[in-house]
Amino acid sequence: MLRATVALLNVAVAYAPGAAVLEGLSFDAEAKARAHDRYRHVHIPKIAGTAFRGMAETLLPHGSTLATAEKCYCTKPALDGAAPVITFVRAPVAHVVSQFMMCKYSTWGRTHADAPPLDEDDAAGLARWLARATSDPGAETCYDPLNMQTRYLTCRNERFSRSFNPRDGHLRVPGYDGMLADASARLAAFHFVGVAELYHESACVFEYWILGKVRHGCDCEHRRFPISKAARSHKRHAVPPYNGSSFPTAAILPLVDLDHELYAVGFARFLELVGHVEARSKVKVLCPGAIPEAARAALARTARGAAVLADAAGGARDPGGADLLPTRGAPPPPVAPACDFAGAPAG
């Protein structure tokens, strides 16, 4: 019956393929008392979105829903002041490599006429793909790697489209002066920001938000995954395992200058949430040495990121106020700046 309800919701709401309105499966009384009726997940492609959906469906109580879609934050019908906003950030170089591998190997990627050839070496194919993105802006039909994370927080659309829509953020859209400032301010105000490189710790923070407690596995001194295997499944989309460090990165960096700045903002927001949970649960969620090299390298590329990394290494975190991780009965603080749809595409 529950799956039928979810299916009906998907038909009723004009989401693009792959989007969903998921209803929580948990009957946990504490979750029911704490959780909002609705949540919104801004699913930036290739940033832990499928794994998060599984986790959220397992932890959210029956009756709470998660609207999740690979759509611009500023998609007019998706804006809901009563729904806390959720997203994840990812180290930009690894994010671009993941986009390329998805375009090359996935069934969806292979539907595009410009999909990278399967018989081409991955590193050579990535170099060619990046060269085209640089020399022929807007040529890509799968993903455009130019500052995708910043793009998703600043692109605009007046409506949902049930089919693939290039204005939804997958592909390049016109930028504007101040887009990094707008994206940064919104991300800093989102009610939950997870970090793909610290997915375990992000899951612990989300679990505390919903349940009001953390399990023993969230103690970074006794680390093990706190949620079920089904909830943390990683969908590979037919992409084979690969070593991200084996790819050349020099050609990627000019395409993700804004995303490196934004990653520092998202990481700082995540650390605020970690401090909030640690202060209230008395559990050390993030140990100073736990930050992976990919995250350290990404943070080190900007002055703000370097400062964030130094704060994280110090281990001292601000416990934050009551408006962090707002629970039922506490309206989520508004996200600013508000979306301006003057001149936005109609669909």
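Look up: the structure comes first, before these words.
Residues numbered from 1 in each chain as written. Predicted model: local features only at pLDDT ≥ 70, side-chain atom pairs only at ≥ 80, totals over all residues. Heavy atoms only, no water.

J.: Where do I start with the state of the cysteines in this structure?
T.: Put plainly, a disulfide is one covalent bond tying together the sulfur atoms of two cysteines. All told, the structure shown has five disulfides when counted by the stated rule. Two residues share a disulfide in this structure: Cys-72 and Cys-155, whose sulfurs sit 2.0 Å from each other. One quick way to see it: the torsion about the S-S bond of Cys-72 and Cys-155 is about -115°, and its sign makes the bridge left-handed. Linking Cys-72 in the loop between β3 (65-69) and β4 (74-75) with Cys-155 in the loop between α6 (148-152) and β6 (156-157), this pair joins segments that are 83 residues apart in sequence. For the pair formed by Cys-72 and Cys-155, the shared burial category is buried. Bridging Cys-103 to Cys-142, the disulfide has an S-S length of 2.1 Å. Disulfide Cys-103-Cys-142: the torsion about the S-S bond is -95°, which places it as left-handed. (Disulfide = S-S within 2.5 Å. Helix = DSSP H or I, 4+ residues; strand = E, 2+ residues; numbered from the N terminus. Buried < 20%, exposed > 50% of the residue type's maximum accessible area, 1.4 Å probe, protein only.)

J.: What's the story with the packing of helix α4 (residues 92-105) against helix α5 (residues 122-135) in this structure? I'm lost.
T.: Describing two packed helices takes the angle between their axes plus the distance from one axis to the other. Close contact between α4 and α5 brings their axes to 11 Å; oriented N to C, the two are set at 105°. In this view, α4 runs roughly perpendicular relative to α5, as classed from their interaxial angle. Every residue of α5 that contacts α4 at Val-96, Val-97, Gln-99, Phe-100, Met-101, Cys-103, Lys-104 and Tyr-105 is listed here: Asp-122, Gly-125, Leu-126, Trp-129 and Leu-130. Counted by class, the contact of α4 with α5 contains nine nonpolar, two polar and two charged residues. (Axes fitted to C-alpha atoms, helices over the stretch in contact; angles between N-to-C directions. Parallel < 35°, antiparallel > 145°, perpendicular 65-115°, else oblique. Contact = heavy atoms within 4.5 Å. Nonpolar A, V, L, I, M, F, W, Y, C, P; charged D, E, K, R; others polar.)

J.: When you look at the sheet that holds strand β5 (residues 85-89) in this model, what are you seeing that I'm missing?
T.: Working definition: the strands of a sheet are paired by backbone hydrogen bonds and lie parallel or antiparallel to each other. One open sheet accounts for five strands, arranged β1-β3-β2-β5-β7; its pairing is mixed. The outermost strands of the open sheet, each flanked by one partner alone, are β1 (20-23) and β7 (192-195). When strand polarity is set aside, the average angle formed by the axes of neighbouring strands in this sheet is 20°. In this sheet, β3 lies alongside strand β2 (residues 38-42) in parallel orientation, the contact comprising five bridges. In the sheet register, His-41 faces β3, and the bridge partner there is Thr-68. Packed on one face of the sheet, helix α9 (residues 257-281) meets β5 and β7 and runs near 110° to β7. (Pairing = 2+ DSSP bridges.)

J.: Mind showing me how you'd approach the packing of α9 against helix α11 (residues 303-314) here?
T.: Running from amino to carboxyl end, α9 crosses α11 at an angle of 25°, the nearest separation of the two axes being 9 Å. Classed by the angle they form, the pair α9 and α11 counts as roughly parallel. The element α9 and its partner α11 pack so that their crossing is left-handed. Facing α9, whose interface residues are Ala-264, Val-265, Phe-267, Ala-268 and Leu-271, α11 presents Arg-304, Gly-305, Val-308 and Ala-312. Residues of the contact of α9 with α11, tallied by class, amount to seven nonpolar, one polar and one charged. (Left-handed = near helix turned anticlockwise from the far one by under 90°.)

J.: Even after reading the chapter, I still don't get the nonpolar core, so can you show me in this structure?
T.: For soluble globular proteins, nonpolar side chains are generally found buried alongside one another. Core analysis: the biggest nonpolar cluster contains 86 residues, and Phe-52, Tyr-73, Phe-190, Phe-192, Phe-206, Tyr-263 and Phe-267 have the highest contact counts within it. Looking at this core, the element that brings in the most residues is α9, giving eleven residues. Dropping the residues within four chain positions of it, Phe-52 is found in contact with His-41, Leu-66, Ile-86, Phe-88, Tyr-199 and Phe-206. (Core = buried A, V, L, I, M, F, W, Y, C linked by side-chain atoms within 4.5 Å.)

J.: I'm lost on the environment of Met-179 in this one. Help?
T.: Within the secondary structure layout, Met-179 lies in helix α7 (residues 179-189). C-alpha of Met-179 to C-alpha of Thr-150: the two residues are 29 residues apart in sequence and 7.6 Å apart in space. In this structure, Met-179 is in contact with Thr-150, Thr-154 and Leu-258, ignoring residues within four places of it in sequence.

J.: Got a minute to help me understand the pairing of β5 in this structure?
T.: Consecutive residues of a regular strand have side chains that alternate between opposite faces of the sheet. For β5, the tally of buried residues reaches five of five residues, placing the bulk of the element in the interior. Residues Val-85, Thr-87 and Val-89 line one face of β5 and the alternating positions Ile-86 and Phe-88 line the opposite face, and both faces are buried. By the bridge criterion, four bridges tie β5 to β7 in an arrangement that is parallel. Across the sheet, residue Phe-88 finds its bridge partner in β7, namely Gly-194.

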